[in-house]
Amino acid sequence: MTTGDAFAGVVRQRSQLGRAMQQVELAAAAPAAKESWTADLLQSLRELEAAFNSHVADVQSPGGLLDRIVDRAPRLQRVAEGKR
């Protein structure tokens, strides 16, 4: 996988992460009197957790996007370290 492919994947994941955050907001703002309120909120939180974990793994894990960027542009090492 090229750095460009990895970057495109991270962009998609950030979009998914944003949608998951919006779903949590919508679920939390729904009327609490609704019978499924807690179940809906819990489900949206689980989806947010999964999206966040996937994003962090692909960006910050060894061999992830930050490592690929630093491999191509070592001058960005300090910036990448600040993002971990």
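Attention in this report is confined to the structure presented alongside it. Source: prediction; values computed, not measured.

### Some remarks on the overall build of the chain
For the chain, the helix and strand inventory stands at four helices and zero strands. In the chain, the order of α-helices and β-strands from amino to carboxyl end is α-α-α-α. Rg of the C-alpha trace for the chain: 17 Å, well past the compact-globule value of 12 Å for 84 residues, more than 25% over. Principal-axis analysis of the C-alpha atoms gives the chain an extent of 55 × 25 × 15 Å. Relative to its full complement of 84 residues, the chain shows a buried share of 25%. Taking the contacts inside the chain whose residues are at least 6 apart along the sequence as the reference set, 47% of them involve residues at least 24 apart. Only carbon and sulfur atoms are counted for the fraction: they give 56% of the accessible area of the chain, which is about 6,100 Å². The positive charge centre, built from 11 side chains, and the negative charge centre, built from 10, are 8 Å apart in the chain.

### Looking at the pattern of salt bridges
Applying the stated criterion across every chain, the model contains one salt bridge. Here Lys-34 ties to Asp-40 by a salt bridge, and the two come within 3.2 Å at their closest N and O atoms. Of the residues examined, Lys-34 reaches a relative accessible area of 43% and is grouped as partly exposed.

### Examining the environment of Ala-30
Locating Ala-30 in the fold gives a position in the loop between helix H1 (3-29) and helix H2 (37-60). Here Ala-30 falls in the partly exposed class, since its relative accessible area comes to 23%. Put simply, Ala-30 and Leu-41 are eleven residues apart on the chain and 9.0 Å apart in space, counted from C-alpha to C-alpha.

### So, the side chain of His-55
Mapped onto the elements, His-55 comes out in helix H2. If we ignore the near neighbours within four places in the chain, the residues touching His-55 are Val-10, Gln-13, Arg-14 and Leu-17.

### Structural notes on H2
In an α-helix, one full turn covers 3.6 residues, which means residues spaced three or four apart are oriented alike. With 24 residues, H2 should cover 34 Å at 1.5 Å per step; its first-to-last C-alpha distance of 34 Å lies within 8% of that length. Burial in H2 covers these residues: Leu-41, Ser-44, Leu-48, Ala-51, His-55 and Val-59.

### With respect to helix H3 (residues 65-72)
Residues Leu-65, Leu-66 and Val-70 constitute the buried set of H3. Along H3, the residues classed as buried sweep out an arc of 135 degrees about the axis, all on the same side. Exposed positions of H3 whose direction lies more than 90 degrees from the buried face are Asp-71 and Arg-72.

Cut-offs used in this document
Residues numbered from 1 in each chain as written. Predicted model: local features only at pLDDT ≥ 70, side-chain atom pairs only at ≥ 80, totals over all residues. Heavy atoms only, no water. Helix = DSSP H or I, 4+ residues; strand = E, 2+ residues; numbered from the N terminus. Rg over C-alpha atoms; globule rule 2.2 N^0.38 Å. Buried < 20%, exposed > 50% of the residue type's maximum accessible area, 1.4 Å probe, protein only. Contact = heavy atoms within 4.5 Å. Areas by Shrake-Rupley, 256 points an atom, 1.4 Å probe, with all protein chains shown as cover. Lys, Arg positive; Asp, Glu negative; His and termini not counted. Charge placed at Lys NZ, Arg CZ, Asp CG, Glu CD. Salt bridge = Lys/Arg side-chain N within 4 Å of Asp/Glu carboxyl O. Expected span 1.5 Å × (residues − 1). Arc of directions from axis to C-beta.

Read these as spatial facts, not as claims about activity.
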